[in-house]
Amino acid sequence: VTRLPSIEILGVEVARSEPGAALEEIERLYLRDAPAFVAHVNAHTLNLVAEDDSYRSVLTSADLVLNDGKGVMLAALVKGTPLPADLNGNFFSPKVLELAAARGWPVFFLGAAPGVAAEAARRLAGAVPNLRIVGVRDGYFDAERDGEVAAEIRDSGAGVLFVGLGNPLQERWLARCLGATGARLGVGVGAFFDFQAGTVQRAPAWMNRLGLEWVHRLALEPRRMWRRYVVGNPLFLWRVLEERGRRGKPSPGRERAGGAGERGR
Ligand code: UDP
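These lines cover the structure that appears in this document, whether it is placed above or below. (Residues numbered from 1 in each chain as written. Predicted model: local features only at pLDDT ≥ 70, side-chain atom pairs only at ≥ 80, totals over all residues. Heavy atoms only, no water.)

Digging into the site of the ligand
Taken together, 15 residues lie around the ligand, and Gly-139, Asp-194, Arg-217, Arg-224 and Arg-228 are the ones closest in. Contact between the ligand and Ala-112: an oxygen atom at 2.8 Å from a main-chain N or O atom of the residue. Taking Gly-164, its main chain carries an N or O atom lying 3.2 Å from an oxygen atom of the ligand. Within the complex, the protein chains bury 82% of what would otherwise be the 550 Å² of accessible surface of the ligand. (Near = heavy atom within 4 Å. Polar contact = N/O pair within 3.5 Å; in protein donor to acceptor, adjacent residues only side chain to side chain. Areas by Shrake-Rupley, 256 points an atom, 1.4 Å probe, with all protein chains shown as cover.)

This is the structure we're talking about:
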C-alpha cells in the first residue's frame, strides 16, 4: 500500500500526488525488498472494477495506483478531494523512464502487437539519454506461455517492467507473474507502446487539456471504443455520484460518516 495520501474511488485507493512525489514513491518501491506493482486507473478501468470483484481484488493488491485521465480527476472533485495532477501514462510513463535512465535501472517492454514495443523502445532510447531497454516482447501470447515470458524477462535482467496488455489483462498479468520475472517494479501502461511507436495517433494537446482525448480515440476506433466511452463515461459518473450519495449517509459499517473513504488528509 502506498504511503502517499489517497482517495477511494469505486473501492480503489488512488494516490493523490504531484508527479515529483509519485516518482519518489516509485523509487522507494523499486529499492524495497519485495517487487512492486503500479497501476494506472481511468474511468474505463474503474468501470471494469465496478463490474468484476476479482479485478477489484487485483487492483487493491497494487502497491501504487495512479490516476489516468480527466474522468478520474472529475470523480475526485465530485467526492470533494481534487487530485493535484493528471498522471496519465503518456505524460507520466516517460518520467518513470527518465528516472530509470538516471538511476541505471534496466527496462523491459511487454505488450502490443508484434514490432510495436520494439519501435517504441527504439524511439524512446533516442529521446531519453542513457535509457537501457534490455528486452521487448509483444503482448499476444496464451496464458500457458506465462512461464516462458516471465523467464525471458528474468533472463534480460530487467528491473523495471512496463506491461501494455490493456485493462484488465495487464494488471492480472502483473499480479500473477511479476514475482517470476525478477523485476523490482511492474507498471501497467495500456496503449503507451502504440502511442510511442506512432501506431495509434495521439490526440492534439488542446483535446488533452479539455479532457477530450477519448473523443479522439473514439473517432479512430468507433466500433471498439463506443461502449468504453459513449456508454462508459456517463456510467462512470453515475457510479461515482451514486457512491458519493451512499457514503454521504451515516453508515455504522466500514467507515464513519463524513469519512468518504479518503485517507491521509
Ligand atoms: N494488447 C496486447 N495483448 C492483448 C490485448 C491487447 O498486447 O491480448 C495490447 C494492445 O495491442 C494495445 C494495449 O494492449 O497496445 C492496450 O490496448 P487499449 O487500446 O485497450 O489500451 P488502453 O486504452 O486501455 O490503454
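Read on, since the account is not over.
Observations concerning the environment of Ser-156
Within the secondary structure, Ser-156 sits in helix α7 (residues 146-156). Along the sequence, Ser-156 and Gly-135 sit 21 residues apart, while their C-alpha atoms lie 6.3 Å from each other. Beyond its immediate sequence surroundings of up to four residues, Ser-156 is in contact with Phe-108 and Val-134. Of note is the side chain of Ser-156, whose polar atom sits 2.6 Å from the backbone oxygen of Ile-153. (Helix = DSSP H or I, 4+ residues; strand = E, 2+ residues; numbered from the N terminus. Contact = heavy atoms within 4.5 Å.)

With respect to the pairing of strand β1 (residues 6-9)
For a regular strand, side chains alternate in direction, first toward one face of the sheet and then toward the other. Burial along β1 is two-sided: the face carrying Ser-6 and Glu-8 and the face carrying Ile-7 and Ile-9 are both buried. Pairing geometry for β1 and strand β2 (residues 12-15), over 4 bridges, is antiparallel. Residue pairing for β2: Glu-8 is matched across the bridge by Glu-13. Counting the residues that bridge the hairpin from β1 to β2 gives 2 residues, and of these Leu-10 lies at a positive phi of roughly 45°. (Buried < 20%, exposed > 50% of the residue type's maximum accessible area, 1.4 Å probe, protein only. Pairing = 2+ DSSP bridges.)

Concerning the environment of Gly-245
Secondary-structure assignment places Gly-245 in helix α12 (residues 222-248). Classification of Gly-245 as partly exposed rests on a relative accessible area of 35%. Counting along the chain gives 47 residues from Gly-245 to Gly-198, while the straight-line C-alpha distance between them is 42 Å.

What to know about the sheet that holds strand β5 (residues 107-111)
Read from one edge of the open sheet, 6 strands run β4-β3-β8-β7-β5-β6, paired in parallel fashion. Edge strands, defined here as strands with exactly one partner in the open sheet, are β4 (64-67) and β6 (133-137). Ignoring strand direction, the axes of neighbouring strands in this sheet form an average angle of 15°. (Axes fitted to C-alpha atoms, helices over the stretch in contact; angles between N-to-C directions.)

Looking at helix α2 (residues 43-51)
Of the residues making up α2, those classed as buried are Ala-43, His-44, Thr-45, Leu-46, Asn-47 and Val-49. The backbone nitrogen of His-44 has a side-chain oxygen 3.1 Å away, supplied by the residue at the start of α2, namely Asn-42.

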